[in-house]
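Topology and contacts: notes
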Amino acid sequence: MRAEPVTGAREVATSYMPEQPVDVRRTLARLARGRHDPTFRTTPDGALWRTSRYRSGPATYRLVQASPERVDVRAWGPGADEAVESVPDLLGARDDLRSFDPVRPDLRDAHRRHPGLRVPRTGRVLEALVPAVLEQRVIGRTAFEAWRWLLVHHGEPAPGPAPHGMRVVPDAAGWLGVPSWDFHRAGVDPGRARTVRACARVAPRLEETTSMTPADAARRLQAVPGVGPWTAAEVAQRALGDSDAVSVGDYHLAADVGWALVGRRVDDATMLELLEPWRGHRYRVVRLLELTRGPAPRRGPRLTIQDHRRS
């Protein structure tokens, strides 16, 4: 199925002047689910495009970094006004660095080299939750391909002059309407498909987590069968702007953090001990380490690619 942008959509334009410098690309990089995510695109002119679904409807928005202190914004679609209103939170307006003390010289240097890195807050919980569920227990490439397939076949065309192929995520009813055989065709096993449907059934309750404390939000998310600490943390990092959320249970994260901080691979418990001095900013530290230190050497067994379409 080929998706064409919806033309003729109403346009809203503004400029955002953050109180502190912001790096748009690095701040939003982890919102993309793989290089070919239909909701996320960067173009040769330097623009970053995203789609999202707001209470007022779908929207496409385009962000251009005019300077560290100015981001030009254009948005299209029924949700254009909400998209524009969401930009400050999206670019870390609520991300408070005042209590962050890097302590270590290498982290202090990383923080100095990336002064515009912020923790984004999309405010769209189901939108972050579904791809996180798809990424459970499989390699990234498999999850990204499933996400793309489902959006191409069950998303809707992006409003406005979006780059070719961009799509808007389904709403809760749309996810509930995905037949089991299409999850199968996308390579999603029945367990993850059940979890996606379980999340969609209680989507309004999950969206309420945007006004909760991080602990209460984690409990609410994990009340859904199939959603555990890793998935809840992945959502908190994107939808809730939680600078402290650590993805415990990640296949590589503990090894990467241990390698960066103490020069050896560690388990989850030791990773949390190592990150404890930065409580309140542990996810920020993880992002800085990702940007400056890179992954640990991959010596352990690799996750195999599981093609659930053959089962």
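Here goes a summary of the coordinates provided. If you're wondering where the values come from, they're calculated on a predicted model, not measured in any experiment.

Definitions and cut-offs
Residues numbered from 1 in each chain as written. Predicted model: local features only at pLDDT ≥ 70, side-chain atom pairs only at ≥ 80, totals over all residues. Heavy atoms only, no water. Salt bridge = Lys/Arg side-chain N within 4 Å of Asp/Glu carboxyl O. Helix = DSSP H or I, 4+ residues; strand = E, 2+ residues; numbered from the N terminus. Buried < 20%, exposed > 50% of the residue type's maximum accessible area, 1.4 Å probe, protein only. Phe/Tyr/Trp six-rings, centres within 6.5 Å; stacked < 30°, edge-to-face > 60°. Lys NZ or Arg CZ within 6 Å of the ring centre and 35° of its normal.

**What to know about the pattern of salt bridges**
- On inspection of all chains with the given rule, the structure shows 28 salt bridges.
- A salt bridge links Glu145 to Arg141, with the shortest nitrogen-to-oxygen separation between them at 3.9 Å. Residue Glu145 and its partner Arg141 are located together in helix α5 (residues 140-154), separated by 4 residues, close to a single helical turn.
- On the basis of relative accessibility, which here comes to 46%, the residue Glu145 falls in the partly exposed class.
- Among the charged side chains, a salt-bridge network with shared partners connects Arg30, Glu234 and Arg238.

**Quick look at helix α11 (residues 229-238)**
- Here α11 lies mainly inside the structure; 9 of its 10 residues are buried.
- Buried residues of α11: Trp230, Thr231, Ala232, Ala233, Glu234, Val235, Ala236, Gln237 and Arg238, and no others.

**A word on the packing of aromatic side chains**
- Considering all chains together, one arrives at 2 aromatic pairs under this definition.
- Ring centres of Trp49 and Trp76 lie 5.5 Å apart, and the angle between their planes is 10 degrees; on these two criteria the pair is classed as stacked. Taken together, the residues Trp49 in strand β3 (residues 48-54) and Trp76 in strand β5 (residues 70-76) connect sequence positions 27 residues apart.
- Overall, the relative accessible area of 3% leaves Trp76 in the buried class.
- A ring pair is formed by Trp147 and Trp175, whose centres lie 6.2 Å apart and whose planes are at 20 degrees; its orientation type is stacked. Within this pair, whereas Trp147 is found in helix α5, its partner Trp175 is found in helix α6 (residues 172-176), the two being separated by 28 residues in sequence.
- Here Trp175 falls in the buried class, since its relative accessible area comes to 1%.
- Over the face of the ring belonging to Phe100 we find Arg284, whose NZ or CZ atom lies 5.7 Å from the ring centre.

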